[in-house]
Amino acid sequence: MESKCKFYELDLEAQKEAEEMDAWLPEWFKAEEAAYIADMEAQAEENDPLSNCGPFCKFLKSGKGYPGEYVYYCCAEGNEHIIDVDFNESEII
């Protein structure tokens, strides 16, 4: 998946860590995961707020916001903004 963001910058450390973790996965799992990801990308491209971000972007961060919120945001200088917020009502009840 290519990035559509002009602020995209590859985080080599995160990519290396993910590749090391993938080395432990069995081949059948990797094949199923690749097929699943390809299918999900094709379906969600237009509805996914994170679709403009590339894999392992060093500026894509996430964390807890207000109670019940999990926030995805860009921290690139000059492009700081919230990309998406997931809300989990069960955390505040």
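Residues numbered from 1 in each chain as written. Predicted model: local features only at pLDDT ≥ 70, side-chain atom pairs only at ≥ 80, totals over all residues. Heavy atoms only, no water.

When helices and strands are tallied, the protein chain shows two helices and three strands. Shown N-terminal to C-terminal, the secondary structure of the protein chain runs as helices and strands in the order α-α-β-β-β. A burial count over the protein chain gives 13% of its 93 residues as buried. Contacts spanning at least 24 positions in sequence make up 43% of the contacts within the protein chain whose residues lie at least 6 apart. In the structure as shown, the protein chain presents an accessible area of about 7,400 Å², 55% of it carried by carbon and sulfur atoms. If you average the places of the 7 positive and of the 23 negative side-chain charges in the protein chain, the two averages end up 7 Å apart. (Helix = DSSP H or I, 4+ residues; strand = E, 2+ residues; numbered from the N terminus. Buried < 20%, exposed > 50% of the residue type's maximum accessible area, 1.4 Å probe, protein only. Contact = heavy atoms within 4.5 Å. Areas by Shrake-Rupley, 256 points an atom, 1.4 Å probe, with all protein chains shown as cover. Lys, Arg positive; Asp, Glu negative; His and termini not counted. Charge placed at Lys NZ, Arg CZ, Asp CG, Glu CD.)

Let us look at unusual backbone geometry. Phi at phenylalanine 56 is positive, roughly 60°, even though this residue is not glycine. In this structure, phenylalanine 56 sits in the loop between helix H2 (27-44) and strand S1 (60-64).

Here we take up the layout of surface pockets. In this structure, the second largest pocket encloses a volume near 300 Å³. Along the wall of the second largest pocket there are ten residues; nearest its centre are Ala18, Asp22, Ile37, Pro55 and Phe56. The element contributing the most residues to the lining of the second largest pocket is helix H1 (residues 12-22), with four residues. Taken together, the residues that form the lining of the second largest pocket break down as five nonpolar, one polar and four charged. (1 Å grid on protein atoms, 1.4 Å probe; cavity = no way out; pocket = protein on both sides within 12 Å on 5 of 7 lines; lining within 4 Å. Points joined across faces, edges and corners; volume = space filled by probe spheres on them. Nonpolar A, V, L, I, M, F, W, Y, C, P; charged D, E, K, R; others polar.)

What follows is about a negative patch on the surface. Where like charges cluster on the molecular surface, the negative patch consists of Glu13, Glu17, Glu19, Glu20, Asp22 and Glu33. Examining the composition of the negative patch, we find that five residues originate from one element, H1, more than from any other. Within the secondary structure, glutamate 17 is located in helix H1. Take glutamate 17: its relative accessible area is 49%, and that puts it in the partly exposed class. (Patch = residues over 30% accessible without salt bridge, like charges linked within 9 Å, V, L, I, M, F, W, Y side chains within 5 Å. Salt bridge = Lys/Arg side-chain N within 4 Å of Asp/Glu carboxyl O.)

Moving on to the pairing of strand S3 (residues 81-87). As paired elements, strand S2 (residues 69-74) and S3 share six bridges and run antiparallel to each other. The partner of tyrosine 72 across the bridge, within S3, is aspartate 84. Taken together, S2 and the strand that follows it, S3, pair antiparallel across an intervening segment of six residues, in which glycine 78 is found at a positive phi of about 90°. (Pairing = 2+ DSSP bridges.)

For the rest of this paragraph, the subject is the packing of aromatic side chains. On inspection of all chains with the given rule, the structure shows two aromatic pairs. With a centroid separation of 5.9 Å and an interplanar angle of 85°, the aromatic rings of tryptophan 28 and phenylalanine 29 are classed as edge-to-face. Of the residues examined, tryptophan 28 reaches a relative accessible area of 55% and is grouped as exposed. For phenylalanine 29, a relative accessible area of 33% gives the class partly exposed. (Phe/Tyr/Trp six-rings, centres within 6.5 Å; stacked < 30°, edge-to-face > 60°.)

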